[in-house]
Amino acid sequence: MTSFPAHWDDGTTSTAPDHQVHWYDDRTAIIRQALRTNFEGPFIYLLLGSERALLLDTGTGHIDLRSVVDELLKGRDLELVVAHTHGHGDHVGGDDQFDSVVGRTAEEVAEYFGIASWPEQIVQFDLGDRVLDVIPLPGHHPSHLAFYDRTTRLLLTGDSLYPGRLYVFDWPAFRASVARLAEFVADGNPVELVLGTHIEMTDQPGVDYEMGADRHPGEHELQLDPAVLTELAEVMAQAGDTPARIERDHFIVYPVG
């Protein structure tokens, strides 16, 4: 069985715990840092294999994540690998709570995962009976990665695609990354759902929350249909070389700088 909670913590309840934990299935935990602790409200993913567990991102660091992860792994004899979708502060802030963490630069990420040709090469990372495809995705951040889980067919896209403002710091790199990701899917890697690391859109098409909002009444769903990735690839291709703000029902392309 796979599922999502009926309601993510949207910041409207002051008594909500620091982290909301939901098991998507028996080997996939989705952790949301409470908006009341930081307006970013990042989503963190814990993927379990038979030999290793992969923690993707450590949140803002304002609160204790380590004890949450330790409780989720209690009774499981698994090596914990702590890595990131990318190196921005709201995704690496809790790194010092863990004993060993994969580096944040593109060079460190490439070395750890064995990516010899960055960003074109896609490599595999085996958690033990669970293979992930590790896909370089610079544009939002130089070391950005996406992860494709062959078992669940979930595509974890970090800050490169989620229901919200897609901040693009390197326009040519982002265009190329989105095109490669869409091509990867089209080449025979079917996606059930796309999962990013924030929610910034309301449930009204094309309407986002104000920047810095720490209450999200009427929030968009976390999960996106894979057709939204196709849409993003199409609008980026059509946009050409000149950075432009692009508003769609499920995301807003937001050039920075």
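The structure presented is a predicted model; accordingly, all values stated were derived computationally and were not measured. (Residues numbered from 1 in each chain as written. Predicted model: local features only at pLDDT ≥ 70, side-chain atom pairs only at ≥ 80, totals over all residues. Heavy atoms only, no water.)

### Quick word on the sheet that holds strand S10 (residues 165-168)
- With respect to topology, three strands assemble into an open sheet ordered S10-S14-S13, the strand pairing being mixed. Looking along the sheet, the strands with just one partner apiece sit at the ends: S10 and strand S13 (246-247).
- Here two bridges tie S13 to strand S14 (residues 252-255), and the two strands are oriented antiparallel to one another. Residue pairing across strands places Glu-247 opposite Ile-252, the latter belonging to S14. (Pairing = 2+ DSSP bridges. Helix = DSSP H or I, 4+ residues; strand = E, 2+ residues; numbered from the N terminus.)

### A few points about unusual backbone geometry
- Between Trp-118 and Pro-119 the backbone carries a cis peptide bond, its omega angle lying at 0 degrees.
- Tracing the backbone through its elements, the reader meets Pro-119 in the loop between helix H3 (106-113) and strand S6 (123-126).
- A positive phi angle is found at Asp-57, which is not glycine, with a value near 85 degrees.
- Asp-57 gets classed as buried once you look at its relative accessible area, which sits at 1%.
- Backbone geometry at Arg-153 places phi at a positive 60 degrees, although glycine is not the residue there.
- Examined against the element boundaries, Arg-153 turns out to sit in the loop between strand S8 (145-149) and strand S9 (154-158).
- For Arg-153, a relative accessible area of 42% corresponds to the partly exposed category. (Buried < 20%, exposed > 50% of the residue type's maximum accessible area, 1.4 Å probe, protein only.)

### Notes on the side chain of Gln-20
- With respect to the secondary-structure elements, Gln-20 resides in strand S1 (residues 19-25).
- A relative accessible area of 17% means that Gln-20 is categorised as buried.
- Here Asp-9 takes part through its backbone nitrogen, which lies 2.4 Å from a polar atom of the side chain of Gln-20.
- Excluding its chain neighbours within four sequence positions, the residues that come into contact with Gln-20 are Pro-5, His-7, Trp-8, Asp-9, Ile-30, Ile-31 and Arg-32. (Polar contact = N/O pair within 3.5 Å; in protein donor to acceptor, adjacent residues only side chain to side chain. Contact = heavy atoms within 4.5 Å.)

That is the geometry; function is a separate question.
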